[in-house]
Amino acid sequence: MRWERAVAAAFGLGDVVEPWTPVSGGRAHLVWRLRTAKGTWAVKRLNRSREDWWMRDHLVAAGIQLDAYARGFPMPRPVHPLEPAAPLLADVRVGHEVASYLVHEWHDGRPSTGDVSAWVGATLASLHRHTVDTPPDRAPHPVEEWREWLDEAPDDFTAAVRAYLPDIAEARSIATAVGDLTPVGTHRDVKPDNVLETSAGPLLLDWDGAGPEYAEWEVTRAAVHFSRLGEDRAAFDTVIRAYEAAGGRRPPASPTSFAGLLHVYLGGAAWMVWRALGHRPVTPAERAAAHTHALELLADLRTSLGRLPSWTTRLR
């Protein structure tokens, strides 16, 4: 229990009363439930980069999370470490190993399986009142860069990725056609497995990816996620209507309104391809998993491109 005790000490959580329990669900980071003398906590070990950009993004995310909590959003309470490496972040050492952790209060519940689409739309409209002056700056990588990465190591994996290059080019052309949109500081990952249904109502989890986003992109992405990729038309429409009713702006009926979803797939797949090709310091197991995850994201990208026409008609 060395890591449990070290994390508990770093965040002032009290004495550990039992070994922590792994929590399933997240691919990006490891999460545990930790019981101490002071309560029960969700502990996240971050799969972070030591590059400057990562810390810049973390500072933005922590600021948005703390602002949302101060404004009373339905979310778990974030816990401040005693000696933070950055807001909400602790670098914890056991022996010669150092790892970065976040902690928030644990709430009993289950990932969203019911119809919370009206709650999602209203919650996003409230969150999107936090407008920002600077729009998101993360243009997808040009397809020429993808070809350069794949040319470095021709094998079965890169051949499989190369088959998606036409989809990548099409998605990028849509994702870079930004029109009259509303930049906000927001959660950026509102989907069913980040909504916890509790006895007191739904809670929005996992704020460590918060940052600048276009409001219209986030609400359409949520409508897609909470309608099972648009298959549940009623849920899709409810997210959009509830968003409008709570003061949000209805996204225009254009494929570019779904560019936020395409951004997620393009950015996530690029990151996983870099890891799979050894461009990031990862373990052999993480590198192997990146092969699978990259192809899953690219398959989702292709599926989404095929459904864009039907999704767009639902915004009319």
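So, here's what we can say about the structure. These numbers were taken from a predicted model, which means no experiment stands behind them.

Cut-offs applied
- By convention here, each chain's residues receive numbers from 1 onward along its written sequence.
- This being a predicted model, a pLDDT of at least 70 is required before a residue's local features are given, and a value of 80 or more before pairs of side-chain atoms are given or counted; all residues contribute to the totals for chains, interfaces and linings.
- Side-chain measures were taken over the full set of non-hydrogen atoms in the model, leaving aside hydrogen atoms and water.
- The term salt bridge refers to a side-chain nitrogen of Lys or Arg lying within 4 Å of a carboxyl oxygen of Asp or Glu.
- Strands here are runs of E lasting at least two residues and helices are runs of H or I lasting at least four, both read from the DSSP assignment and numbered beginning at the N terminus.
- Each residue is placed in one exposure class: buried if its accessible area under a 1.4 Å probe, protein chains only, is under 20% of its type's maximum, exposed if it is over 50%, and partly exposed if it falls in between.
- Identification of polar contacts relies on pairs of N or O atoms within 3.5 Å, with a donor-acceptor requirement for protein atoms, meaning one able to donate a hydrogen and the other able to accept it, and with residues adjacent in sequence counted only if both atoms are side-chain atoms.
- Only heavy atoms matter for contacts: two residues are in contact if any of them lie within 4.5 Å across the pair.
- Axis definition: a line fitted to C-alpha atoms, limited for helices to the stretch in contact. Angles are taken between N-to-C directions and run from 0 to 180 degrees.
- Roughly parallel means an angle under 35 degrees; roughly antiparallel means over 145; roughly perpendicular covers 65 to 115; every other angle is labelled oblique.
- The crossing is said to be left-handed when, going from far helix to near helix, the turn is anticlockwise and less than a right angle, and right-handed when the turn is clockwise.
- Three residue categories are used. Nonpolar comprises Ala, Val, Leu, Ile, Met, Phe, Trp, Tyr, Cys and Pro, charged comprises Asp, Glu, Lys and Arg, and polar comprises the others, including Gly.
- Pairing between two strands is assigned when DSSP locates at least 2 bridges connecting them.

**Thoughts on the pattern of salt bridges**
As a working rule, side chains carrying opposite charge can pair if their charged atoms are close by.
Argument step 1. As enumerated under the stated definition, the model contains 18 salt bridges in all.
Argument step 2. Among the ionic pairs, Glu 197 bridges to Arg 110, the shortest N-O distance being 3.5 Å. Taken together, the residues Glu 197 in strand E8 (residues 195-198) and Arg 110 in strand E6 (residues 110-111) connect sequence positions 87 residues apart.
Argument step 3. On the accessibility criterion, Arg 110 (42% relative accessible area) is partly exposed.
Argument step 4. Across the pair Arg 249 and Asp 180 runs a salt bridge, and its minimum N-O distance is 3.4 Å. In this pair, Arg 249 is assigned in the loop between helix H8 (233-245) and helix H9 (259-276) and Asp 180 in the loop between helix H6 (165-175) and strand E7 (183-186), connecting sequence segments 69 residues apart.

**Brief notes about the side chain of Asp 167**
Argument step 1. With respect to the helices and strands, the residue Asp 167 is situated in helix H6.
Argument step 2. At a separation of 2.9 Å, a polar atom in the side chain of Asp 167 contacts the side chain of Arg 302.
Argument step 3. Every residue in contact with Asp 167, bar those within four places of it in the chain, is listed here: Leu 301, Arg 302 and Leu 305.

**Examining the environment of Val 143**
Argument step 1. Mapped onto the elements, Val 143 comes out in helix H4 (residues 143-152).
Argument step 2. Expressed as a C-alpha distance, the spacing of Val 143 and Met 55, which sit 88 residues apart in the sequence, is 27 Å.
Argument step 3. Contacts of Val 143, omitting those with residues within four sequence positions, involve Leu 165 and Ala 169.

**Some points on the packing of H4 against H6**
Argument step 1. Their axes nearest at 9 Å, the elements H4 and H6 cross at an angle of 150°. It follows from the interaxial angle that H4 and H6 lie roughly antiparallel. Every pair of crossing elements has a handedness; the one defined by H4 and H6 is right-handed. Of H6, the residues touching H4 (which contributes Val 143, Trp 146, Arg 147 and Leu 150) are Leu 165, Ile 168 and Ala 169.
Argument step 2. Each residue belonging to the contact of H4 with H6 can be placed in one class, and the counts come to six nonpolar, no polar and one charged.

**What about the sheet that holds E8?**
Each strand in a sheet pairs with another by means of backbone hydrogen bonds, the pair being arranged parallel or else antiparallel.
Argument step 1. Strand order in the open sheet formed by three strands is E6-E8-E9, with antiparallel pairing between adjacent strands. Sheet topology places E6 and strand E9 (201-204) at the edges, where each strand pairs with a single neighbour.

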